Amino acid sequence: MIDVQLAQRLKTAGLAWKPALGDRFAIPDRDLDEEVFVLSNMTVEVHTVPEGRVIGFNGTTEWALDDVEIDETVWLPREDQLRELLGGTFRELRRGTTGFEVRIDLLGEERVFAAASAEETYATALLHLLAAAGVTGE
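To keep things clear, this report deals only with the structure shown in the data block. (Residues numbered from 1 in each chain as written. Predicted model: local features only at pLDDT ≥ 70, side-chain atom pairs only at ≥ 80, totals over all residues. Heavy atoms only, no water.)

## With respect to the sheet that holds strand 7 (residues 90-95)
What holds strands together in a sheet is hydrogen bonding between their backbones, with the strands either parallel or antiparallel. Note the following rule: One requirement defines pairing of two strands: DSSP has to find at least two bridges between them. Strands are runs of DSSP state E lasting at least 2 residues, helices are runs of H or I lasting at least 4, and numbering of each runs from the N terminus. Between N-to-C directions, angles cover 0 to 180 degrees, with each direction set by a line fitted to C-alpha atoms, over the stretch in contact for helices.
Here we have three strands laid out as an open sheet, ordered 7-8-9, and antiparallel in their pairing. Since the sheet does not close on itself, it has two edges, and those belong to strand 7 and strand 9 (109-115), each with one partner. Within the sheet, the average angular offset between the axes of one strand and its neighbour, ignoring direction, is 20°. Pairing between strand 7 and strand 8 (residues 100-106): five bridges, direction antiparallel. Bridging across to strand 8, Arg95 finds its partner in Phe100.

Shown next, in the form of structure tokens:
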């Protein structure tokens, strides 16, 4: 799983989250930084209210936390979600000398990204794509 800091960098770079069952997320800056939450039909659901979309914590007794605005959360995408977000640019994931390497092709130019875990490697490549999209206006 990627850490909250890397997930926050993805969010800041423009990664949009459309919450779905099974998604993991964190709530930074509320003394819950170390907690990972999972959207589920039973306890954590997305609700649409007049003010916008919120994540509701149904039946939680451990915290005084009824709901939190989606903007206050940080999505922690899974490996498969990160790979899917790379879309048609993704070419290969392989073990490297220090962890994993992801190879992408961006407009005919091959790029390789490396990190300790597959998730981190995908996220690093995705950060590059988001930055390239911001620069080129795509």
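## Here we look at the environment of Gly88
Our working definition: Relative accessibility decides the category of a residue: with a 1.4 Å probe and only protein chains considered, values under 20% of the type maximum give buried, values over 50% give exposed, and everything between is partly exposed.
Following the sequence through the fold, Gly88 ends up in the loop between helix 2 (79-86) and strand 7. Taking relative accessible area as the criterion, Gly88 reaches 63% and is therefore assigned exposed. Through-space distance from the C-alpha of Gly88 to that of Asp105 is 8.2 Å; in sequence the pair is 17 residues apart.

## As for the pairing of strand 1 (residues 24-27)
Along strand 1, one buried face is formed by Arg24 and Ala26 and the opposite face, lined by Phe25 and Ile27, is buried too. Judged from the three bridges that link them, strand 1 and strand 2 (residues 32-38) form a sheet pairing that is antiparallel. Its bridge partner lying in strand 2, Phe25 is registered against Phe37. Once strand 1 ends, the chain turns through four residues before running back antiparallel as strand 2, passing Asp29 with a positive phi of about 65°. Strand direction decides the pairing type here: strand 1 and strand 6 (residues 74-75), joined by two bridges, are antiparallel. Counterpart to Ala26 in the pairing with strand 6 is Val74.

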